[in-house]
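Fold and contact review
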Amino acid sequence: MVEQAFLRIQNLSLASQEGQSLVKDLSLEVSAGQAVGILGESGSGKTLTALAAMRLLPPSVIQTQGEIYLEGLALGPLSEVEMCKIRGAKLGFVFQEPAAAFNPVLPVGVQVAEAMELHLPLGKVERKNACLELMEECGLQSPADIARAYPHQLSGGMLQRAMIAAALAGSPQLLIADEPTTALDVTIQAEILQLVNRLRSKRGLALLWISHDLGVLASVCEELVVMKSGQVLEQGSVHRVLGAPNDPYTKELVAAAPRLEVGP
Ligand SMILES: Nc1ncnc2c1ncn2[C@@H]1O[C@H](COP(=O)(O)OP(=O)(O)O)[C@@H](O)[C@H]1O
Ligand SMILES: [Mg+2]
């Protein structure tokens, strides 16, 4: 049997309602446990690609071509109820702005526990304990205090850790992270990268990590997809893309990047 990718995006094209092409014929695969990075400048179509993979595209964006497969199952024909069973349980999503992704009027712990409640067969006490354990695993000390806090009471770094905990709460095999460290300062960013690498090796988690920062992607991913203006310019192993880029744009990015450290 041919080994199947966990997530396969095949020939995806997206357009605006006015007919403007936003993503053109994009294909990529993420195998179980693999970390794939999407690199591209602002407006290149990274977020829309991630949203399409979760089937969460804004109504103003139309999928004109392509299909997304999760463990070989096409997502297009699934009902919204079926998609809700997949989101959180098989795919976790970390957003760029945790402050905007959290509901401001609910305690953080309630929001972290949400996916657990939906997807894991746990009793109330078990769920609370599992939630606190997960928050601690994500580097939040005194998780009970943090669980009771409201989003605005936490720093950006703590909130992003809580967001990662929320994304992992349903035990997904793949985490899709859309510029999760862009809004954070450099030291906090390094801590989050460390955390994600630790979670990966502990849980065998696959990653689809989106960034405009080549250094960040090189430190986390094994595979890279380089996008510009909605198109894939090149894709391959991080070593190959950094060592011998084919596309002139990638060559420029690699040449402009400060000292790159490859690998977790
Ligand atoms: N809801 C939307 N409706 C129409 N066009 C959009 C919408 N969201 C994004 N776009 C356009 O799609 C392109 C890609 O956007 P996006 O995926 O957000 O890029 P990136 O994440 O790489 O910065 C941009 O030109 C953007 O203006
Ligand atoms: Mg984006």
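The residue numbering used here restarts from 1 in each chain and proceeds along that chain's sequence as written. The order in which chains are written sets their letters, starting at A; the order in which ligands are written sets their numbers, starting at 1. Local features in this predicted model are restricted to residues of pLDDT 70 or higher, and side-chain atom pairs are both shown and tallied only at a pLDDT of 80 or more, whereas totals for entire chains, interfaces and linings draw on every residue. Excluded from the side-chain calculation are hydrogens and water; included are all heavy atoms of the structure.

Things to note about the site of ligand 1
Let me state the cut-off plainly: Residues are labelled near a given molecule or strand when at least one of their non-hydrogen atoms is within 4 Å of it. We define a polar contact as two N or O atoms separated by no more than 3.5 Å, with the added condition that, inside protein, one atom must be a possible hydrogen donor and the other a possible acceptor, whereas residues neighbouring each other in sequence contribute only through side-chain atom pairs. To be clear on the numbers: accessible area is Shrake-Rupley with a 1.4 Å probe, and residue cover counts the displayed protein chains and nothing else. For the purposes of this entry, the term helix denotes a DSSP run of H or I that reaches at least four residues, the term strand denotes a run of E that reaches at least two, and both are numbered from the N terminus.
In the vicinity of ligand 1, the residues found are Leu22, Glu41, Ser42, Gly43, Ser44, Gly45, Lys46, Thr47, Leu48, Pro58, Ser60 and Val61. In this structure, an oxygen atom belonging to ligand 1 sits 2.7 Å away from a main-chain N or O atom of Gly43. One nitrogen or oxygen atom from the side chain of Lys46 is found 2.8 Å from an oxygen atom belonging to ligand 1. Look at ligand 1: alone it shows 560 Å² of surface, and the protein chains cover 65% of it. The element contributing the most residues to the shell around ligand 1 is helix H1 (residues 46-53), with three residues.

Observations regarding helix H7 (residues 156-168)
Defined as follows: For a helix, the expected span equals 1.5 Å multiplied by the residue count minus one. Residue burial is assigned from relative accessible area. The probe radius is 1.4 Å, only protein chains are included, and a residue is buried under 20% of its type maximum, exposed over 50%, and partly exposed in between. Contacts were defined at the residue level, with two residues in contact if any of their heavy atoms lie within 4.5 Å.
Over its 13 residues, H7 extends 18 Å from the first C-alpha to the last, a length consistent with the 18 Å expected when each residue adds 1.5 Å. The buried count for H7 comes to eleven of 13 residues, which makes it a mostly enclosed element. Taken residue by residue, H7 has Gly157, Leu159, Gln160, Arg161, Ala162, Met163, Ile164, Ala165, Ala166, Ala167 and Leu168 as its buried positions. Contacts from the buried residues of H7 go to strand S6 (91-94), helix H3 (98-101), helix H4 (108-119), helix H5 (124-137), strand S7 (174-178) and helix H8 (186-203).

Re the layout of surface pockets
A water-sized probe, rolled over the atoms, reveals where empty space remains. Which entries qualify depends on this criterion: Within this scheme a cavity is a closed region of a 1 Å grid, computed over the protein atoms alone, that accommodates a 1.4 Å probe without allowing it to escape, whereas a pocket is open but has protein on both sides within 12 Å along at least five of seven lines; lining residues each have an atom within 4 Å of a point. Grid points are joined across faces, edges and corners, and a volume is the space filled by probe spheres set on the points. Lys, Arg, Asp and Glu make up the charged group, whereas Ala, Val, Leu, Ile, Met, Phe, Trp, Tyr, Cys and Pro make up the nonpolar group; the residues left over, Gly among them, are polar.
What the largest pocket holds in volume is close to 600 Å³. Contributing to the lining of the largest pocket are 22 residues, with Phe95, Gln111, Glu114, Met163 and Ala166 lying nearest its centre. Counting residues per element, the ones that place at least two in the lining of the largest pocket are S6, H4 and H7. Sorting elements by how many residues they give to the lining of the largest pocket places H4 first, with six residues. Broken down by class, the residue content of the lining of the largest pocket amounts to 15 nonpolar, five polar and two charged. A volume near 430 Å³ is recorded for the second largest pocket. Surrounding the second largest pocket, 17 residues form its lining, Leu193, Gly215, Val216, Ser219 and Glu261 being those nearest its centre.

Concerning the environment of Asn197
Considering the arrangement of structural elements, one finds Asn197 in helix H8. Accessibility expressed as a relative area gives 15% for Asn197, which makes it buried. Sequence separation of Asn197 and Cys221 is 24 residues, and the distance between their C-alpha atoms is 9.5 Å.

A few points about the nonpolar core
The criterion, for reference: Remark: nonpolar core denotes a set of buried residues (Ala, Val, Leu, Ile, Met, Phe, Trp, Tyr, Cys) joined through side-chain atoms within 4.5 Å.
One finds Val108, Val112, Met135, Cys138, Ile164, Leu168 and Trp209 to be the most contacted residues of the largest nonpolar core, which totals 52 residues. Of the residues forming this core, the biggest block, eight residues, is contributed by H7. In this structure Ile164 touches Val94, Cys138, Ile192, Leu195, Val196 and Leu199, once residues within four positions along its chain are discounted.

Let's talk about empty space enclosed by the protein
Inspection of every chain in the model, using the stated rule, returns one cavity of 30 Å³ or more. By volume, the largest cavity is sized at about 30 Å³. For the largest cavity, the full set of lining residues is Val94, Ile164, Leu175, Ala177, Pro180, Ile192, Val196 and Trp209. Of all the secondary-structure elements, those providing two or more residues to the lining of the largest cavity are S7 and H8. Grouping the constituent residues of the lining of the largest cavity by class yields eight nonpolar, no polar and no charged.

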